[in-house]
Amino acid sequence: LNRKLLGSAWIFDRLDDHHISEVVSSMEVEVFSPGEVIIEFNQAPDRIFILISGQVSLLLPRRKHVNKINVLDTLSKGEVFGELAMVMKTRSPYEARALSYCEMYSFHITDFQQLFPDRSHVKQKMDYKAEVRLHQFDGILELQQGRWVDALTLKRP
């Protein structure tokens, strides 16, 4: 596994070599084809992903009153996704779909919790990134009873 790439990912950038080695031993490499769904909207989280190569789109669900897909973000090499649902202990607020052939590391949440039981600085970074990502949903999605719903539909009479 690419130690340099892992060390540069915001989630692991302050870890020493020992912790990086522990993380590496828990990771798997996965490959996705263009158009393949990696995380489904409102899916319960089980992994965090770090993109090695390719591009991934984070997509908001198609809105009933608007006939287009909303691209929340486009991710590339070294970027992390899947952490938001874990931090919030909820389901995924977006669909993650491969735009091209993608290779990525996946890290199961149970392994993450075992390796980082206190998660001090890692948890602080994840909380911050989750807050930033949540601001992207303002007026678009709202969390209700552990599931994400279209905020505009909720405001209609």
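The preceding data block contains the structure.
Given the structure is predicted, the values throughout are model-derived calculations rather than measurements.

Novice: Which residues make up the overall build of the chain, and what values do they have?
Specialist: Regarding its fold elements, the chain presents six helices and 10 strands. A total of 157 residues make up the chain; the buried ones form 42% of that total. Within the chain, contacts between residues at least 6 apart in sequence are counted, and of these 72% link residues at least 24 apart. Only carbon and sulfur atoms are counted for the fraction: they give 48% of the accessible area of the chain, which is about 8500 Å².

Novice: Please set out the sheet that holds strand E3 (residues 47–53) residue by residue, giving values where relevant.
Specialist: The strand order across the open sheet formed by four strands is E1-E8-E3-E6, and the pairing between neighbours is antiparallel. At either end of the open sheet lies a strand with only one pairing partner, and these are strand E1 (28–32) and strand E6 (80–81). Where E1 and strand E8 (residues 102–108) come together, five bridges link them in antiparallel fashion. Of the residues in E8, the one forming a bridge with glutamate 30 is methionine 104.

Novice: Give a detailed account of the side chain of serine 92, specifying residues and quantitative values.
Specialist: The topology assignment puts serine 92 in the loop between helix H3 (83–88) and strand E7 (95–98). Under the relative-accessibility criterion, serine 92 is labelled buried at 4%.

Novice: Can you break down the nonpolar core residue by residue, with the values?
Specialist: Formed by 21 residues in total, the largest nonpolar core has its most connected members in Ile11, Phe12, Met27, Ile50, Phe112, Phe116 and Met126. Element by element, the count of residues in this core is highest for E3, at three residues. With 18 residues, the next largest nonpolar core counts Phe49, Ala96, Met104 and Ala130 among its residues.

Novice: Which residues make up the pattern of salt bridges, and what values go with them?
Specialist: Tallying each qualifying case throughout the model produces three salt bridges. As a salt-bridge pair, arginine 47 and glutamate 30 come within 2.5 Å of each other at their nearest N and O atoms. Taken together, the residues span a long stretch of sequence, with arginine 47 in strand E3 and glutamate 30 in strand E1 at a distance of 17 residues. The burial state of arginine 47 is the same as that of glutamate 30; both residues are buried. Two residues, arginine 47 and aspartate 46, come together in a salt bridge whose shortest N-O distance is 3.3 Å. Assessed through its relative accessible area of 16%, arginine 47 is described here as buried. A network of salt bridges, in which partner residues are shared, links Glu30, Asp46 and Arg47.

What counts and what doesn't
Counting restarts for each chain, with residues numbered from 1 along the sequence as it is written. With pLDDT at 70 or above as the cut-off, local features in this predicted model cover only qualifying residues; side-chain atom pairs require 80 or more to be listed or tallied, and sums for whole chains, interfaces and linings still use all residues. The side-chain values count all of the structure's non-hydrogen atoms but skip hydrogen atoms and water molecules. The way it works is that DSSP assigns letters per residue, a run of H or I at least four long becomes a helix, a run of E at least two long becomes a strand, and they are numbered from the N terminus. Exposed residues in this analysis have more than 50% of their type's maximum accessible area, buried residues have under 20%, and partly exposed residues fall in between, with area computed by a 1.4 Å probe over protein chains only. By definition, residues are in contact when any of their heavy atoms lie within 4.5 Å. The Shrake-Rupley method, run with a 1.4 Å probe, gives the accessible areas here. Residue values count only the displayed protein chains as cover. By this definition, two strands are paired if DSSP reports at least two bridges between them. The definition of a nonpolar core used throughout is a set of buried Ala, Val, Leu, Ile, Met, Phe, Trp, Tyr and Cys residues joined through side-chain atoms within 4.5 Å. When a carboxyl oxygen of Asp or Glu is within 4 Å of a side-chain nitrogen of Lys or Arg, the pair counts as a salt bridge.

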